[in-house]
Amino acid sequence: MGIRVYELAKELGFSSKGLVQKLNELHVSVKGHMSSLDEDTAELVRHELAGEAKKAAPVKAPKTAKPPEKIVEMKVVTGKLPLSVKDISVKLQLSANDLIKKLMNLGIMASINYSLDEEMVNKISSLLGFRFEKELSDEEVLLVKHRREDAKNLMPRPPVVTLMGHVDHGKTSLLDVIRSSNITQKESGGITQHIGAYEVALPKGRITFFDTPGHEAFTAMRARGANITDIVIIVVAADDGIMPQTVEAINHAKAANVPIVVAINKIDLPGANIDNVRRQLAEIDLNCEEWGGKTITVPVSAKKGTGVERLLEMLVLEAELLELRANPTALARGAIIESKISKGSGPTATILVQNGTLRIGDVFVCGVTFGKVRSMVNDLGQRLNAAGPSVPVEISGLAQVPQVGDVLYVVEDERKAKELSGQKNEALRKAKLIPAQRVSLEQLFLQAQEGQLKELNLIIKADVHGSLEALISSLKELGTKDIAVKIIHAQVGSINESDVMLAIASDAVILGFHVTIDAQAKDTAEKKNVDVRMYRIIYEAINDVRLSMEGLLAPTIRETFIGRAKVLQPFKVSNVGTIAGSVVVKGKFVRTAEKVRLFRAEQCLFEGKLASLKRHKDDVKEVSEGMECGIGLDKFMSIEPDDIIECYHIEKIARKL
Ligand code: GDP
């Protein structure tokens, strides 16, 4: 018979909607809060959400609590994601043009062939009185099965640790001494090799360390959806104290909700001041145990080896508190932490096994590629036949080089692996047509109203401390009962790549005050659609956030027509795709145009960016009326003679009072 979702939600202290969302994250398919879950799945969910439920659950509902949510039955539409505008319009019984208009009202600019992701499909369906239910892809069905296995035969697993901190504070040196304390290494006398992570065996247990220290790598993995670090060690040099990158690293760890252990390094130096570091830590809410707080701080010297043993003991202790468990008997699943083409063995990758045991001969899917484990080598260069939870191993036998952060999971046979990877490639092709949706100040109110957002995460960069402090305190006050303002990172300095990565990983908006944005950061922000806002007056920044929380900050987008070209003859260029040999029939064509559209028989088939603009073989900035040129469109190849291409300037005008 099982248990209804809303009953389980009550039991676990979640809202029904919240639990449905969590279930989706766990790849458990439910139709809504009235759906039933079988006992096995309910048990799995209880297990998975045990920690969160305790945190989330008010023990007793206050008397003034809202009445139980009303269960409104809506018409149900189903489909496999992503869905194109055309497909969903049919399901929602609306013309594609009307749907495009409705999407525009939601701030989503989409042409008929655009694919919509789950969030967008949910939004538009509910707006039209439907409830969308996602049909699980074959891969998702498989991952649910994997997840079910995860909850069985639970055994303790070693923690996975990343070191972060300011440059030159001793991360690499500390990793080196830790590695040399490894009993296994001493026994094997083996030649260690860099595979991206290594295991240290201690008398009290094992620990896996990432040997690519730094918060950039950590957050980049997180931005790709791979949360693999259990504990972060923040390294602070005792002579230097907390530096800007230390703060950055701490905020990145906090944003990921990962426990922090602080290693106060270089205590052998005459200028070392341990208490000063502890004082500085307290200023940023990391109160050390010695002074009655909760943060473990361990004075060490990577140079002399002092304190390292204690640091490792503390990690083992912290790991015990976390009760890290996995099922070594399941089929393996893990994350790719490094990948390359190596001479002789072709594509190789280091996988950190997160559940199950990976074995030679196992067939797997990995990102959009697949393979069969041909060889496995650990960080000591030893060949292994099997690798269990938290063990990093370099494997060969991949069809292609996977991406860092990709999930690898074992399937029953090669046919299945090929089929799934084919499906993923197809889904990826479609997904490329999805304009990335992230939280933006303009969209905040809508998302908050739909209950998708309870917190506005902000990253603030300013030119001087005074402005930073003023911004932080004023912005924090803007929080309401429905939506809290959370500043996940605030610092003096320009907006850099790592800020943008953090924004992606934590779904945050970046506010810059009297600062610039690095070229690379700007590029990533644009590609990933991160909302970066620049201000020169504090009041305006605060006001924009306030207006957005009240739903008053409508985006003002001004579109200016620049020119129109007619396609004479499309032609293929190897490695580039289709280029439209065209003539400019009105205005001019400009390389920097923010938007282009392609029309065929008055229907818009493509909306996006220019990929190239050439005359003969040369890239050009502009082509005037009457001239011929070659136009490349970003990821759109099916161009035909007589198609019309138009380019536009897009200006986003910030709303002012
Ligand atoms: P990273 O940039 O954080 O990886 O720092 P490194 O490990 O490269 O160390 C930077 C410098 O500090 C190197 O010259 C190290 O030799 C030195 N160093 C690291 N740990 C210690 C220590 O405990 N004591 C002293 N005196 N020097 C250290």
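Residues numbered from 1 in each chain as written. Predicted model: local features only at pLDDT ≥ 70, side-chain atom pairs only at ≥ 80, totals over all residues. Heavy atoms only, no water.

Q: Just to check I follow, could you spell out the sheet that holds strand 11 (residues 231-237) for this structure?
A: Paired through their backbone hydrogen bonds, the strands of a sheet run either parallel or antiparallel. If you trace the 6 strands from one edge of the open sheet to the other, you get 9-10-8-11-12-13, paired in mixed fashion. Of all the strands in the sheet, the pair left with one neighbour each is strand 9 (197-202) and strand 13 (296-299). Each adjacent strand pair in this sheet contributes to an overall mean axis angle of 30 degrees, direction not counted. Note: strand 8 (residues 160-165) against strand 10 (residues 205-210), 2 bridges, orientation parallel. The residue bridging V160 from the neighbouring strand is T208, located in strand 10. Contacts from helix 13 (residues 308-322) reach strand 8, strand 9, strand 10, strand 11, strand 12 (260-265) and strand 13, with the element oriented near 165 degrees to strand 13. (Pairing = 2+ DSSP bridges. Helix = DSSP H or I, 4+ residues; strand = E, 2+ residues; numbered from the N terminus. Axes fitted to C-alpha atoms, helices over the stretch in contact; angles between N-to-C directions. Contact = heavy atoms within 4.5 Å.)

Q: It is not clear to me how unusual backbone geometry should be interpreted in this structure. Could you clarify?
A: Peptide bonds are, in most cases, trans, and in most cases residues other than glycine have a negative phi. In this structure, D168 takes a positive phi of about 75 degrees despite not being glycine. Looking at the secondary structure, you find D168 in the loop between strand 8 and helix 8 (171-180). Classification of D168 by relative accessible area gives exposed; the value is 63%. (Buried < 20%, exposed > 50% of the residue type's maximum accessible area, 1.4 Å probe, protein only.)

Q: It is not clear to me how the pattern of salt bridges should be interpreted in this structure. Could you clarify?
A: When charged atoms on two side chains of opposite charge get close, those side chains can pair. With the rule as written, the count across this model stands at 23 salt bridges. The salt bridge involving E622 is made with K588; its shortest N-O contact spans 3.7 Å. With a gap of 34 residues between them, E622 in strand 33 (residues 622-624) and K588 in strand 28 (residues 577-590) connect regions that are remote in the sequence. What makes K588 partly exposed here is its relative accessible area of 34%. Notably, a salt bridge pairs E640 with R600, separated by 3.4 Å at the nearest N-O pair. Remark: R600 occurs in strand 29 (residues 595-600) and E640 occurs in the loop between strand 34 (628-633) and strand 35 (644-653); sequence separation between them is 40 residues. On the basis of relative accessibility, which here comes to 41%, the residue E640 falls in the partly exposed class. Within this structure, D531, R533 and D544 form a network of salt bridges that share partners. (Salt bridge = Lys/Arg side-chain N within 4 Å of Asp/Glu carboxyl O.)

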